[in-house]
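# Coordinates in review
Read off the chains here:
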Amino acid sequence: MVLTFLTVVAVIASIAEGLGFDFFDADLQLTEQDIHNFKAIEFASAPASEIEKTNPRCKNFPGDGAWPTETEWSQLNSSVGGALLKPVPPASVCYHSSPAFNEAACNFLLNNASRTSFYFDDPVTIFNYWAQGNTCLPAENPTGNCTQGGYPVYVVNATSVKQVQAAVNFARNRNIRLVIKNTGHESVGRNAGAGSLSIWTHHLKTFKFLPDYKQPEGNYHGPAARVGAGLQAWEAFRQALKLNITLTAASCVTVGSYGGWISGGGHSPLSSKFGLGADQVLSIQAVTADGRYITADPQTNQDMFFALRGGGGSTFGVITSVIVKAHPPINLTIASFTFTLGSSLSTEPGPSVTITDKDTFWKGFNTVFQFGITTVDAGGYLWTFGIPITDVSIQMQVQVQMPGQTPTETAAFVKPLLTSLNTIGIPVAITNPTTIVYSNQTGPISGGPGNGRFASRLFPRRAYQSPTLFNAAMAAARAAIEGGYLFHGLNMAPTLRAAGFPASAGVNPVWREAVMHADMFDPTSLSSATPAEAEAAHTRLNAFMAPLRAATPGGGAYLNEADLEEPNWQQSFFGTNYERLLQIKRLRDPWQVFWAPATVGSEDWIVTTPNQVPSQNGRLCRVSGES
Ligand SMILES: Cc1cc2nc3c(=O)[nH]c(=O)nc-3n(C[C@H](O)[C@H](O)[C@H](O)COP(=O)(O)OP(=O)(O)OC[C@H]3O[C@@H](n4cnc5c(N)ncnc54)[C@H](O)[C@@H]3O)c2cc1C
Ligand SMILES: *[C@@H]1O[C@H](CO)[C@@H](O)[C@H](O)[C@H]1NC(C)=O
Ligand SMILES: *[C@@H]1O[C@H](CO)[C@@H](O)[C@H](O)[C@H]1NC(C)=O
Ligand SMILES: *[C@@H]1O[C@H](CO)[C@@H](O)[C@H](O)[C@H]1NC(C)=O
Ligand SMILES: *[C@@H]1O[C@H](CO)[C@@H](O)[C@H](O)[C@H]1NC(C)=O
Ligand SMILES: *[C@@H]1O[C@H](CO)[C@@H](O)[C@H](O)[C@H]1NC(C)=O
Ligand SMILES: *[C@@H]1O[C@H](CO)[C@@H](O)[C@H](O)[C@H]1NC(C)=O
Ligand SMILES: *[C@@H]1O[C@H](CO)[C@@H](O)[C@H](O)[C@H]1NC(C)=O
């Protein structure tokens, strides 16, 4: 009765405040009654000093005596209102030996699934198969059996804080590996784990516009939005377009905006103007390792507010919602062109030309990157792809993306770049840059997993502006492309100035001086590689990265799009923030409920895998201690 009345009040309040879905159900918390019904979901009480002695060496695994019974799992299921799933890998439908075998479903998986949102609505899929252990690859007539591999055993399909609290408490109290998955985009396995309970945040989709949000102490006063942690970029854009506001989000519209993206940094075409995704956040609602629901903002739980904005996902807590800045509407104008090293020479100028001289191609390549500084200083984003097409053909794709400019302004802005390219013998010309309202992005809401590796580098301005280091970096990029790798450059400058309030955040300080983030993609598929071949491929990738690292002293790597085996990853991913983040981790999660590879404090644990590819298909154990 009371509940119904409150719901009605909340709905009316939400309508009165404007658009959006109601947060009332999503904000429901775990009650004493719930805990009374099922003790295994009680909040943490042990003082931190007691923990070291009582915890066993490994997290419990299915088959262990201490693994919860079916009855206990079903009690947990009741506590989360029936939202507990026990999903099998989607490709199990292709395996004759699996009870899930289904030829039609397998055909759909092989031919159509990645052209739909199928994988985003799947509770376990992550976007690189090797991180799962390659134990259930889709194929027409696969050999072997499909096993769960690095995918979780149970998944809580969360739509409320209460369910997240129950899952965190249960995992901590019963010593079970806990993972968090949102869209699954993160590609090195921080969103999966064998023998785990997973919190799936994908359906935390609430949204509410706050036209007049006030930060206490008056540091921010203006429009904002409270968003659920499961919202994908396309959904944030759609809301923003409707409201005539701007919310920053990843260019790839299926990426989750308020889970891994903000907690790992989060870049976008607006980064040189408004900073990173983490810089948009004014307040965070999260469930911490003790199971409590907290608010973190510049005045409350400041340590968590710092850590959750760029210190990495899956480390400090489960974000359930955040309040982010809503900027005025802005247009994004893009000038695109392509030049290809090939066998026939383009005589007509155009936005896509072919040239035959190798030196000219690489001169053009360097000329484009030189324009990176000009672009970021004008508030823009220079998107490039250097792609080896065949042994003798290479393509350079370029997009100069300028927020807030009209097509006429962008045409004038790229003119000096085009003139330089024309002068050296690349007849590129752009007739008309395209423009869209930034929030009106219409990328495909589809996709599927791959099976490759890549490595990232953040280029500090000082290195980029040194002719010697710049030339060395360009030579390294060229060597990589000629060696068969894709080189994806993104020039942007998410400085503290662009970030504005509240600025100080857990993101790698290298980002503040950076003028480019680049990824080197290895197209070698790890689907059928032997462990030795996979290891050799990684050694080779690392060898191509080494000169790039050497040419960018003081640089780092973007942890959200990086190599899991990045050398000295603590320094590369977190820079000078690492020690502070580690202190916060130890204070807030002495139980080490949250664990994912190459995250703050993860050094204490290791996944014991059957092969050398560092997948999540194995038991999670402490590096040392009693067995
Ligand atoms: C095709 C593609 C395009 C991309 N484009 C961009 C881009 O334009 N800009 C950019 O910055 N990045 C980009 N990325 C990288 C992307 O930011 C990361 O993969 C990011 O981690 C995805 O976050 P997610 O929440 O969607 O996915 P997930 O893989 O589900 O989660 C990522 C990590 O965050 C943790 N996490 C998720 N939700 C929560 C939560 N609520 N609380 C705590 N931890 C959580 C997970 O445990 C995991 O460790 C791209 C990736 C891909 C594959
Ligand atoms: C949890 O409960 C729901 C509803 O009763 C049921 O449909 C579902 O199968 C249960 N989950 C598990 C893992 O048993
Ligand atoms: C896949 O899509 C095509 C058209 O795009 C359709 O004709 C076909 O029936 C689909 N197949 C499956 C298995 O869904
Ligand atoms: C697959 O599973 C079946 C029955 O569970 C077993 O007999 C067979 O040996 C397994 N095959 C492989 C390749 O592991
Ligand atoms: C997860 O929960 C949402 C919201 O209740 C529901 O729409 C969806 O079908 C569920 N997904 C699965 C795989 O059970
Ligand atoms: C959208 O907002 C801008 C500035 O905030 C304003 O100038 C414009 O009139 C608005 N457009 C609509 C359709 O409301
Ligand atoms: C933004 O782009 C739209 C077309 O997509 C155009 O109608 C509008 O005038 C542009 N706004 C500005 C300020 O340039
Ligand atoms: C959004 O884009 C579509 C075309 O993709 C266009 O028809 C529509 O007018 C655009 N809306 C706004 C507000 O710019």
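Residues numbered from 1 in each chain as written. Chains lettered and ligands numbered in written order. Predicted model: local features only at pLDDT ≥ 70, side-chain atom pairs only at ≥ 80, totals over all residues. Heavy atoms only, no water.

### Comments concerning the site of ligand 8
Threshold: In this text, near means that some heavy atom of the residue lies within 4 Å of the molecule or strand in question. Polar contacts, as counted here, are pairs of nitrogen or oxygen atoms within 3.5 Å of one another; within protein the pair requires one atom able to donate a hydrogen and one able to accept it, and residues that are adjacent in sequence qualify only if both atoms are side-chain atoms. For every accessible area listed, the method is Shrake-Rupley and the probe measures 1.4 Å; residues are considered covered only by the protein chains on display.
Near ligand 8 you find L241, V437 and N440, and these make up its full shell. Between N440 and ligand 8, the recorded distance is 2.3 Å, taken from a side-chain N or O atom to an oxygen atom. Compared with its free state, where it exposes 360 Å², ligand 8 has 30% of that area covered by protein.

### Here we look at the nonpolar core
Let me state the cut-off plainly: Note on terminology: a nonpolar core comprises buried Ala, Val, Leu, Ile, Met, Phe, Trp, Tyr and Cys residues joined through side-chain atoms within 4.5 Å. Only protein chains enter the accessibility calculation, which uses a 1.4 Å probe. A residue is then buried if its area is under 20% of the maximum for its type, exposed if over 50%, and partly exposed in between. In this document the domain limits rely on a domain assignment from an automatic tool or a database.
L247, Y258, I284 and V322 are the most contacted members of the largest nonpolar core, which has 72 residues in total. Shared between two domains, this core holds at least three residues of each, these being domain 1 (2-24 + 204-325) and domain 2 (32-200). Residues F365, V414, F459 and I481 belong to the second largest nonpolar core, which totals 50 residues.

### What about the site of ligand 2?
Looking at ligand 2, the residues that line it are N77, G82 and L84. For ligand 2, an oxygen atom lies 2.3 Å from a polar atom in the side chain of N77. Contacts to ligand 2 include L84, whose backbone N or O atom sits 2.8 Å from a nitrogen atom. In isolation ligand 2 has 360 Å² of accessible area, and contact with the protein removes 39% of it.

### Things to note about the UniProt feature "domain: FAD-binding PCMH-type" (unreviewed entry) in the protein
Heads up, the condition is: UniProt positions are given in the numbering used here, feature names are shortened, and annotations may be inferred rather than shown by experiment. Helical segments are the DSSP runs of H or I of at least four residues, strand segments are the runs of E of at least two, and each set is numbered from the N terminus.
According to UniProt, the positions carrying the feature "domain: FAD-binding PCMH-type" (unreviewed entry) are residues 148-329. In residues 148-329, helix accounts for 23% and strand for 27%; the two terminal C-alpha atoms are 45 Å from one another.

### Thoughts on the domain arrangement of the protein
As a reminder of what qualifies: By definition in these notes, contact holds between two residues if any of their heavy atoms fall within 4.5 Å. Here the buried area means the combined drop in accessible surface, using a 1.4 Å probe, for two parts upon being joined, counting both sides. Each salt bridge in this description consists of a side-chain nitrogen of Lys or Arg and a carboxyl oxygen of Asp or Glu lying within 4 Å of one another.
According to the domain assignment, the protein contains domain 1 (2-24 + 204-325) and domain 2 (32-200). Each of domain 1 and domain 2 has a C-alpha centre, and these two points are 25 Å apart. Listed as interface residues are 20 residues of domain 1 and, on the opposing side, 18 residues of domain 2. Carbon and sulfur atoms supply 66% of the area buried between domain 1 and domain 2, which totals about 1,500 Å² over both sides. When residues of domain 1 are sorted by the area they lose upon contact with domain 2, L204, S314 and V318 head the list and together hold 30% of the total. Here domain 1 and domain 2 share 0 salt bridges between them. Counting across the interface, domain 1 meets domain 2 through 6 residue pairs in polar contact (both at pLDDT 80 or more).

### Observations concerning the confidence of the model for the protein
We apply this condition: On a scale of 0 to 100, pLDDT captures the predictor's confidence in every residue.
Residues with a pLDDT of 70 or more make up 94% of the protein, whose mean pLDDT is 94. Per-residue pLDDT stays below 50 along residues 1-20; that stretch engages in 18 contacts with residues further than four places along the chain or on separate chains.

### Some words on helix α13 (residues 407-424)
Heads up, the rule is: Between the first and last residue of a helix there are one fewer steps than residues, each counted as 1.5 Å, and that sum is the expected span. Consider a residue and the seven residues that end there alongside the seven that start there; fitting an axis to each set, the bend is the angle between those axes.
With 18 residues, α13 should cover 26 Å at 1.5 Å per step; its first-to-last C-alpha distance of 25 Å lies within 8% of that length. Of all the bends in α13, the largest measures some 40 degrees and sits at K415, one to four residues before the proline P416. Among all positions of α13, only T410, F413, V414, L417, L418 and L421 are buried. Lining the buried residues of α13 we find β10 (331-341), α12 (358-377) and β13 (394-403). Two residues or fewer after α13 comes G425, characterised by a positive phi angle close to 105 degrees.

### Remarks on helix α7 (residues 161-173)
For α7, with 13 residues, the first-to-last C-alpha span of 18 Å sits near the 18 Å given by 1.5 Å per residue. Counting buried positions along α7 yields 11 of 13 residues, so the element is predominantly enclosed. When α7 is considered as a whole, its buried residues turn out to be V161, Q163, V164, Q165, A166, A167, V168, N169, F170, A171 and R172. Downstream of α7 by a residue or two, N175 has a phi angle that is positive, lying close to 55 degrees.

### Some remarks on the pairing of strand β2 (residues 154-157)
Filter applied, for reference: Strands qualify as paired when DSSP identifies two bridges or more between them.
Here 2 bridges tie strand β1 (residues 84-85) to β2, and the two strands are oriented antiparallel to one another. Counted as the bridge partner of L84 is V156 from β2. Relative to strand β4 (residues 196-200), β2 is paired through 4 bridges, and the arrangement is parallel. Within β4, the position partnered with V156 by the bridge is I199.

### Notes on the state of the cysteines
Just so we agree on the cut-off: Sulfur atoms of two cysteines make up a disulfide when they are within 2.5 Å.
Throughout the structure, instances matching the rule amount to 3 disulfides. A sulfur-sulfur distance of 2.0 Å marks the disulfide that ties C58 to C621. Judged by the sign of its S-S torsion, about 100 degrees, the cystine formed by C58 and C621 is right-handed. One end of the pair, C58, is in the loop between α3 (48-54) and α4 (70-79); the other, C621, is in strand β19 (residues 619-622), with 563 residues separating them in the sequence. By relative accessible area, which is 16% here, C58 ends up buried. Relative accessible area serves as the criterion here: at 4%, C621 is assigned to the buried category. Sulfur-sulfur distance for the disulfide between C94 and C106 comes to 2.1 Å. An S-S torsion of about 100 degrees defines the bridge between C94 and C106 as right-handed. Taken together, the positions of C94 in the loop between β1 and α5 (103-111) and C106 in helix α5 put the pair 12 residues apart, joining distant regions of the chain.

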